[in-house]
Amino acid sequence: MDPVRNPYAPGAGQRPPELAGRDKQLTAFDIVLERIARGRPERSVMLTGLRGVGKTVLLNQLRSAAISRGWGTGKIEARPDQELRRPLSSALHMAVRAIAMAHRNPERVDDFLGILKAFALRATADKGMRERWQPGIDVPAVTGRADSGDIEIDLVELLVEAAALASEIGVGIAIFIDEMQDLGPADISAICGACHELSQDTAPLIVVGAGLPHLPAVLSASKSYSERLFSYHRIDRLDREAADLALIAPAEREEVKFTDEALDALYQKADGYPYFVQAYGKAAWDQAPESPISAEDVEVAAPTAEEELAVGFFGSRYERATPAEREYMRAMADLSGDDGPVATSAVASELGRKPASLSPARDGLIKKGLIYSAERGTIGFTVPHFGRYLRSV
């Protein structure tokens, strides 16, 4: 069939043609937005799950929902080597610019931008002239608010001011943070503290974060009350009905169908993971000579999808690991027949080593986002089917 008309999109963070199986989260977020609009108290939102389950796609969809209601929004992607202050300044600047035209008092907006500029300038205040950063805000910095240099104090003051500005306009502000588990401890603590303050004041500003399965543990380690501070949504693989819909709906718009046997084969291979659904669906479309796409087409196309996954989804991550880290992951793969979490003590036994001697490899893999601490004393792959991949190469 015509590859140009192929509707499937196996890309990182790329919205699939049919966002199936996420109605529960979308509806819950609409309720959050409506309650805040009515002055009701609400919690910020956290999305957690393995890589490839569509967290970034859902995060972007939630942002679109906020924008459609006239909210100001900004989005950042956390990185282990970057402090929060600079990217958050840019995201909040974007959010305020989106709603500023609706404010009747431009001077009030400028006052807030002056506070935001002061907050932003602290990001490089202690660096040399060549390293100093200018946030691109055309008003003078206002001293004495959100510029103490303590990120927790400053973030609370800044977001309270931002929420007050939004309240005057009658809208809200939402800050979206992807890969949130990569924020440093001080930044995580600051976000928790700010969200706590905002929730107590029923302020119209929320944080929507997305991260790996251990994000709740990261937040809880920072502030004991974080388990009650956020609304957590675990994003998992699609059930059979949703996975079929993700394939059928885009194809029908192109007047193409699947046989029931083809859908059976596709679900077995993709295992319900949205990224895999798109990868196998794309390969099956390109392979099929005509509609309906058959189980035979799926079987012939499967090696193409698996080769692409092996290079782009699995292989690129494996190449980032050191020899010691690869040895650690291979031991995990050998122990986890179903690719579920395994005990760190079992990995040590498998390698014939003392657990303490493996800490550098384990910590390195966690920092690279290849594994995560599932529960105390256990470790798991952040990428679905990664163990299966390692056992096959």
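As annotated in an unreviewed UniProt entry, the chain carries the name AAA ATPase-like protein and comes from Nocardia tenerifensis.

**Some words on helix α11 (residues 274-287)**
One turn of an α-helix holds 3.6 residues; hence residues three or four places apart share an orientation. End to end, α11 covers 20 Å across 14 residues, agreeing with the expected 20 Å (1.5 Å per residue, within 8%). All of the buried residues along α11 are Pro274, Tyr275, Phe276, Val277, Gln278, Ala279, Tyr280, Gly281, Ala283, Ala284 and Trp285. Where the residues of α11 are buried, they touch α9 (240-253), α10 (260-270) and α12 (295-319).

**Quick notes on the UniProt feature "domain: Cytochrome c" (unreviewed entry) in the chain**
Annotation from UniProt places "domain: Cytochrome c" (unreviewed entry) at residues 167-333. Spanning residues 167-333, this segment combines 63% helix with 11% strand, and its end C-alpha atoms are found 51 Å apart.

**A word on the packing of aromatic side chains**
The full count for this structure, using the stated rule, is 13 aromatic pairs. The interplanar angle of 70° and the centroid separation of 5.8 Å between the aromatic rings of Tyr273 and Phe276 together place this pair among those described as edge-to-face. By relative accessible area, which is 4% here, Tyr273 ends up buried. Judged by its relative accessible area of 2%, Phe276 is buried.

**Looking at unusual backbone geometry**
Glycine aside, residues mostly have negative phi angles, and peptide bonds mostly take the trans form. In this model, Ser291 is joined to Pro292 through a cis peptide bond whose omega is 0°. Looking at the element boundaries, Pro292 is found in the loop between α11 and α12. One non-glycine residue with positive phi stands out, namely Thr202, at about 45°. Positionally, Thr202 belongs in the loop between α6 (185-200) and β4 (205-211). For Glu255, which is not glycine, the phi torsion reads 60° and is therefore positive. Tracing the backbone shows Glu255 in the loop between α9 and α10.

**What to know about the state of the cysteines**
Counted according to the given criterion, the structure contains zero disulfides. Distance from the sulfur of Cys192, which forms no disulfide, to the nearest cysteine sulfur (Cys195) is 7.0 Å. The class of Cys195 is buried, set by a relative accessible area of 5%.

**Quick look at α6**
The end-to-end C-alpha separation of α6 is 23 Å, in line with the 22 Å expected for 16 residues at 1.5 Å each. Of the positions making up α6, those classed as buried are Asp187, Ile188, Ser189, Ala190, Ile191, Cys192, Gly193, Ala194, Cys195 and Leu198. Thr202 sits one or two residues past α6 and shows a positive phi near 45°.

**A word on the packing of helix α13 (residues 323-335) against helix α14 (residues 344-351)**
Packed helices, taken two at a time, are described by the angle between their axes plus the distance between the axes. Relative to each other, α13 and α14 sit at 105°, their axes nearing to 9 Å. By the angle between their directions, the pair α13 and α14 is classed as roughly perpendicular. Of α14, the residues touching α13 (which contributes Glu327, Tyr328, Ala331, Met332, Asp334 and Leu335) are Thr344, Ala346, Val347, Glu350 and Leu351. When grouped by side-chain class, the residues that make up the contact of α13 with α14 number seven nonpolar, one polar and three charged.

**Remarks on the sheet that holds strand β3 (residues 173-178)**
Strand order in the open sheet formed by five strands is β2-β3-β4-β1-β5, and the pairing between neighbours is parallel. Looking along the sheet, the strands with just one partner apiece sit at the ends: β2 (72-77) and β5 (230-234). Put simply, the sheet's adjacent strands are angled 15° from each other on average, direction ignored. Note that strand β1 (residues 44-48) and β4 share four bridges and pair parallel. Across the sheet, the residue bridging to Thr48 is Gly211, located in β4. Packing against the sheet, helix α1 (residues 23-37) makes contact with β1, β3, β4 and β5, and its axis sits at approximately 160° to β4. Docked against the sheet, helix α2 (residues 55-68) engages β1, β2, β3 and β4, running at close to 165° with respect to β2.

**Notes on the pairing of β4**
Across the seven residues of β4, seven count as buried, placing the element largely inside the fold. Bridge analysis of β3 against β4 gives five bridges, and the strand direction is parallel. The residue bridging Ala174 from the neighbouring strand is Ile206, located in β4. Taken together, β3, α6 and β4 constitute a β-α-β crossover, and its handedness is right-handed.

**So, the pattern of salt bridges**
In total, this model carries 21 salt bridges according to the counting rule given. Salt-bridge contacts for Arg5 lead to Glu254; the nearest nitrogen and oxygen are separated by 3.1 Å. Separated by 249 residues along the polypeptide, Arg5 in the segment before α1 and Glu254 in the loop between α9 and α10 bring together distant segments of the chain. Exposure remark for Arg5: the relative accessible area of 35% places this residue in the partly exposed category. Notably, a salt bridge pairs Arg85 with Asp154, separated by 3.1 Å at the nearest N-O pair. Remark: Asp154 occurs in helix α5 (residues 151-169) and Arg85 occurs in helix α3 (residues 85-100); sequence separation between them is 69 residues. Like Arg85, the residue Asp154 is buried in the burial classification. Linked through salt bridges whose partners overlap, the residues forming this network are Glu34, Arg38 and Arg69.

Reading the values: the criteria
- Residues numbered from 1 in each chain as written.
- Predicted model: local features only at pLDDT ≥ 70, side-chain atom pairs only at ≥ 80, totals over all residues.
- Heavy atoms only, no water.
- Helix = DSSP H or I, 4+ residues; strand = E, 2+ residues; numbered from the N terminus.
- Expected span 1.5 Å × (residues − 1).
- Buried < 20%, exposed > 50% of the residue type's maximum accessible area, 1.4 Å probe, protein only.
- Contact = heavy atoms within 4.5 Å.
- UniProt positions renumbered as here; feature names shortened; annotations may be inferred.
- Phe/Tyr/Trp six-rings, centres within 6.5 Å; stacked < 30°, edge-to-face > 60°.
- Disulfide = S-S within 2.5 Å.
- Axes fitted to C-alpha atoms, helices over the stretch in contact; angles between N-to-C directions.
- Parallel < 35°, antiparallel > 145°, perpendicular 65-115°, else oblique.
- Nonpolar A, V, L, I, M, F, W, Y, C, P; charged D, E, K, R; others polar.
- Pairing = 2+ DSSP bridges.
- Right-handed = clockwise from strand over helix to strand, strands pointing away.
- Salt bridge = Lys/Arg side-chain N within 4 Å of Asp/Glu carboxyl O.

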